[in-house]
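Each chain, written out:
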Amino acid sequence: MAWSIEEIEELRRRGGIGRILHHDFDPTEPETFTSAAELYSELRQRCPVAHSNTYGGFWALFKYEDVVKALEDYPTFTTSVQNAVPNFAFTGVRPPLHLDPPDHSVYRRIINPFFTRERVERLVPAMKRDAAFLLQQIIDKGGGDVGPEFGHVFPAYVFSEFFNLPVDLARKIRSVTGIYVAAVNEQNHEVVKKYSYDLYEIAMGIIEERRKNPLDPEEDMTSAFLQAQKDGEPISDNMLLGTIRQLIVLGMVAPSVVLPSSIATLALQPEVQDMLRKDLSLIPAACEELFRMNSPYRGMSRTPTRDVVIRGHEIKMHEPVCIVYYSANRDEDVFPEPNKFILNRPNIQDHIAFGRGPHRCPAPHYMRHMLGITLEYLLSNTKHFELAGEIKMTKWAEWGALNVPIRVEV
């Protein structure tokens, strides 16, 4: 069970989180599309296990080796105390993210079959239809902002198909999620609570609709959860609600930043665009490199269940530790020339854009198709595209582009 804010604060007092520690970086500093890569390169050399006094104080792991060890060692680095910095879990347990094995495994056994390669491929025709509809509008007018006009909309269309929801409801979820995430980044707790409760109300509505009008549990995840059991009993209403609430958010957030960030990467590198246009069969390999370069997460955290020492730094029990995927995937000791797009890196399969360990993202096929279909349509229907304005970035805890104005030539 996740711990309350009051319990965490008490643990911090007893565990020493409030003690004076060095301040190596400030995650609230404004960023450009390249500034985080530059900062994290410096931090990997200077203090790969860094500490920040912002957000109540937290540690951050910037080296690939340390990140992978923490992700795989879930008995030592638990997700059940605090799983994000800043901490914004005000409103109950949300499986499976807030649980470790074995409890976590109950929920993943239900979720994982919906994300197999075969299941996701059923969505491909709808993905192609919706990507074409949205991208063609941008192409027809000679350009646009692929953040709000595509990256923030396309995931809602795809999610509506995947979760068997009306498109209007999926777009409402995306809108509420956007406000919620922005409030988290701004540490506006009242707005976070309001929109978190709004998301719970949406999840409750989805559950009630499935109770009244159940779908085939082999085809609908909510229906599958309504029929599932844990220890011989139906999953409790609170845990079911928390699960659906978590799923409707995660299905929107990562794609909405990965897609614009990847288009921005290609807009800045016309030679890569030209290479891919000449041979569209290279797009799947290009997607893997783009996932490595544009990993959206850096504020996801774990909490030590005991005092640990990493690279000489003593981290007390219950002090939050951020897992900086973005930095790990640009670690020069693992990926030479990490800030350069290199097609078919020999070890590209080692990237951790989808995580590692029991909490590895179940949806890599889903994301690969979304990005691949996007790039294929955009590249096939343009001669060239370039930036037409400033890239505006998300704030910690995500990394990625919110606004990417482009100009296209057909």
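Treat the numbers as computed from the prediction; the structure is a model and nothing was measured. (Residues numbered from 1 in each chain as written. Predicted model: local features only at pLDDT ≥ 70, side-chain atom pairs only at ≥ 80, totals over all residues. Heavy atoms only, no water.)

### A closer look at the sheet that holds strand 4 (residues 143-145)
And step 1. What the 3 strands build is an open sheet, ordered 4-14-11; its pairing is antiparallel. Of all the strands in the sheet, the pair left with one neighbour each is strand 4 and strand 11 (384-387). Taken over all neighbouring pairs, the strand axes of this sheet differ in orientation by 20 degrees on average, direction set aside.
And step 2. Note that strand 11 and strand 14 (residues 405-409) share 4 bridges and pair antiparallel. Paired with phenylalanine 385 across the two strands is valine 408, which belongs to strand 14. (Pairing = 2+ DSSP bridges. Helix = DSSP H or I, 4+ residues; strand = E, 2+ residues; numbered from the N terminus. Axes fitted to C-alpha atoms, helices over the stretch in contact; angles between N-to-C directions.)

### Concerning the pattern of salt bridges
And step 1. Taken as a whole, this structure holds 27 salt bridges when the rule is applied.
And step 2. Note that arginine 44 and glutamate 332 form a salt bridge whose closest N and O atoms lie 2.9 Å from each other. Pair noted here: arginine 44 is in helix 2 (residues 35-46) and glutamate 332 is in the loop between helix 15 (325-328) and helix 16 (364-380), with a separation of 288 residues, a long-range link.
And step 3. Overall, the relative accessible area of 23% leaves glutamate 332 in the partly exposed class.
And step 4. Aspartate 198 is the partner of lysine 194 in a salt bridge, and the nearest nitrogen-oxygen pair spans 3.1 Å. (Salt bridge = Lys/Arg side-chain N within 4 Å of Asp/Glu carboxyl O. Buried < 20%, exposed > 50% of the residue type's maximum accessible area, 1.4 Å probe, protein only.)

### A few points about the sheet that holds strand 3 (residues 77-78)
And step 1. Across the sheet, 5 strands lie side by side as 1-2-10-7-3; this open sheet has mixed pairing. Edge positions in the sheet fall to strand 1 (49-52) and strand 3, since each of these pairs with one other strand and no more.
And step 2. Two elements, strand 7 (residues 301-304) and strand 10 (residues 321-323), share 2 bridges in a ladder whose sense is antiparallel. By the bridge assignment, arginine 302 is partnered in strand 10 with valine 321.

### Quick notes on the side chain of arginine 330
And step 1. Secondary-structure assignment places arginine 330 in the loop between helix 15 and helix 16.
And step 2. Engagement of the side chain of arginine 330 in a polar contact is seen with the side chain of tyrosine 326, the distance being 3.4 Å.
And step 3. When near neighbours in sequence (up to four residues on either side) are disregarded, arginine 330 contacts Ala37, Arg44, Arg292, Met293, Asn294, Pro338 and Asn339. (Polar contact = N/O pair within 3.5 Å; in protein donor to acceptor, adjacent residues only side chain to side chain. Contact = heavy atoms within 4.5 Å.)

### Observations concerning empty space enclosed by the protein
And step 1. Scanning all chains against the criterion turns up 4 cavities of 30 Å³ or more.
And step 2. Each pocket or cavity is described by its volume, and for the largest cavity that value is around 640 Å³.
And step 3. Lining the largest cavity are 34 residues; nearest its centre among them are Leu250, Tyr297, His359, Cys361 and Pro362.
And step 4. Here the lining of the largest cavity gets 7 residues from one element, more than from any other, and that element is helix 12 (residues 237-267). (1 Å grid on protein atoms, 1.4 Å probe; cavity = no way out; pocket = protein on both sides within 12 Å on 5 of 7 lines; lining within 4 Å. Points joined across faces, edges and corners; volume = space filled by probe spheres on them.)

### Observations concerning the packing of aromatic side chains
And step 1. Taken as a whole and assessed by the stated rule, the structure comprises 20 aromatic pairs.
And step 2. Their ring planes at 80 degrees and their centres at 5.4 Å tell us that phenylalanine 25 and phenylalanine 62 sit as a pair that is edge-to-face. Of this pair, phenylalanine 25 sits in the loop between helix 1 (5-15) and helix 2 while phenylalanine 62 sits in the loop between strand 2 (58-61) and helix 3 (64-72); the two residues are 37 residues apart in sequence, bridging distant segments of the chain. The pair phenylalanine 25 / phenylalanine 62 is uniform in exposure class, with both members buried.
And step 3. Through a chain of ring-to-ring contacts, three or more aromatic side chains come together here, namely Phe25, Phe33, Tyr40, Tyr55, Phe58, Phe62, Tyr326, Trp396 and Trp399. (Phe/Tyr/Trp six-rings, centres within 6.5 Å; stacked < 30°, edge-to-face > 60°.)

### Notes on the environment of isoleucine 139
And step 1. Relative to the elements of secondary structure, isoleucine 139 occurs in helix 6 (residues 124-140).
And step 2. With sequence-adjacent residues up to four places away left out, isoleucine 139 is seen in contact with Tyr377, Leu378, Asn381, Thr382, Val408 and Val410.

### Points about the pairing of strand 1
And step 1. Burial along strand 1 is two-sided: the face carrying Val49 and His51 and the face carrying Ala50 and Ser52 are both buried.
And step 2. Where strand 1 lies against strand 2, 4 bridges are found, and the strand directions are antiparallel. Each residue of the ladder has a partner; that of serine 52, found in strand 2, is phenylalanine 58.
And step 3. The hairpin turn running from strand 1 into strand 2, its antiparallel successor, is 5 residues long, and tyrosine 55 in that turn takes a positive phi close to 50 degrees.

What is shown is where atoms sit, not what they do.
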